[in-house]
Amino acid sequence: IIQVLTLLASLHYDLCAQDLPEYFEDHMREWMEGFVGLLKYSNPSLAADEDDTEPGVISVLQAELVENFALFMSKYEEEFQPFLA
């Protein structure tokens, strides 16, 4: 499920990278609340071991979410402003 969520976050990024689709602008609150919830998620059984060279699946998801937030901060600052509190 985490890998599917990562793909969805990546798809969201790709769809918003060129221009913010009206649907995403109209439903930004739902997306951002979901993203923040996923960013807070932790599951020790899915975490990478200290000796692993690859990041765990949750770390990959969280990195994708941070990329989404960075995109919105740089391209859609006005629309994203209400979620910076």
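Residues numbered from 1 in each chain as written. Predicted model: local features only at pLDDT ≥ 70, side-chain atom pairs only at ≥ 80, totals over all residues. Heavy atoms only, no water.

Regarding the environment of leucine 46
Piece 1. With respect to the helices and strands, leucine 46 occurs in the loop between helix H3 (28–40) and helix H4 (57–75).
Piece 2. Residues leucine 46 and serine 59, 13 residues apart in the sequence, show an inter-C-alpha distance of 9.4 Å.
Piece 3. Discounting residues that sit within four places of it in the chain, leucine 46 has contacts with Ile2, Gly56, Val57 and Ile58. (Helix = DSSP H or I, 4+ residues; strand = E, 2+ residues; numbered from the N terminus. Contact = heavy atoms within 4.5 Å.)

Topic: the packing of aromatic side chains
Piece 1. Counted by the stated rule, this structure contains 8 aromatic pairs.
Piece 2. Consider the rings of phenylalanine 24 and tryptophan 31, whose centres lie 5.1 Å apart with planes at 65°: the pair is edge-to-face.
Piece 3. Judged by relative accessible area, phenylalanine 24 falls into the buried class, the value being 10%.
Piece 4. The exposure class assigned to tryptophan 31 is partly exposed, which follows from its relative accessible area of 25%. (Phe/Tyr/Trp six-rings, centres within 6.5 Å; stacked < 30°, edge-to-face > 60°. Buried < 20%, exposed > 50% of the residue type's maximum accessible area, 1.4 Å probe, protein only.)

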